[in-house]
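Here is what each chain is made of, one letter per residue.
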Amino acid sequence: MHAFTPAEIHAETHAARTAELAAEAAAWHLAHEAAPATPALPALRNRVGEALVHAGIRLMQPAHLSTLIQQPAA
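What counts, and at which threshold
- Residues numbered from 1 in each chain as written.
- Predicted model: local features only at pLDDT ≥ 70, side-chain atom pairs only at ≥ 80, totals over all residues.
- Heavy atoms only, no water.
- Helix = DSSP H or I, 4+ residues; strand = E, 2+ residues; numbered from the N terminus.
- Buried < 20%, exposed > 50% of the residue type's maximum accessible area, 1.4 Å probe, protein only.
- pLDDT = per-residue confidence, 0-100.
- Contact = heavy atoms within 4.5 Å.
- Patch = residues over 30% accessible without salt bridge, like charges linked within 9 Å, V, L, I, M, F, W, Y side chains within 5 Å.
- Areas by Shrake-Rupley, 256 points an atom, 1.4 Å probe, with all protein chains shown as cover.
- Salt bridge = Lys/Arg side-chain N within 4 Å of Asp/Glu carboxyl O.

### Overview of the overall build of the protein
Then comes step 1: The secondary structure content of the protein amounts to 3 helices and 0 strands.
Then comes step 2: Put simply, the protein has 74 residues, and 1% of those count as buried.

Next up, the structure:
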């Protein structure tokens, strides 16, 4: 069984967050290029809703096994 190091967990978390931010930025740019004359409120409402759904999904995912196992004190 592979024991994940804190650095590996951090790198995985950082990569996932970076991908989320890149996807959000791309969606934001596409939305603003496609309809620059539309009011900002519906777009903001959609972004807030998507963020809430994403946060809920992340909260429902189980923590990685290595974060649940605590090492005995030496």
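Back to the text.
### Some thoughts on the confidence of the model for the protein
Then comes step 1: For the protein, the average pLDDT comes to 77, and 70% of its residues sit at 70 or higher.
Then comes step 2: Within the protein, helix H3 (residues 65-68) has the poorest average pLDDT of any element, 60, and helix H2 (residues 40-60) the best, 86.

### Structural notes on the side chain of Glu20
Then comes step 1: Within the element layout of this structure, Glu20 appears in helix H1 (residues 6-34).
Then comes step 2: For Glu20, a relative accessible area of 19% puts it in the buried group.
Then comes step 3: Not counting the four nearest positions on each side in its chain, Glu20 is found in contact with His54 and Arg58.

### A word on a nonpolar patch on the surface
Then comes step 1: A grouping of Leu41, Leu44, Val48 and Leu52 is seen on the molecular surface, where their side chains present a nonpolar patch of about 410 Å² in accessible area.
Then comes step 2: Looking at the secondary structure, you find Leu52 in helix H2.

### Some words on the pattern of salt bridges
Then comes step 1: Within the structure shown, the criterion is met by 3 salt bridges.
Then comes step 2: Among the salt bridges present, the one from Arg58 reaches Glu20, with a minimum N-O distance of 2.7 Å. Of the two residues, Arg58 sits in helix H2 while Glu20 sits in helix H1, which places them 38 residues apart along the sequence.
Then comes step 3: Overall, Arg58 belongs to the partly exposed group, its relative accessible area being 39%.

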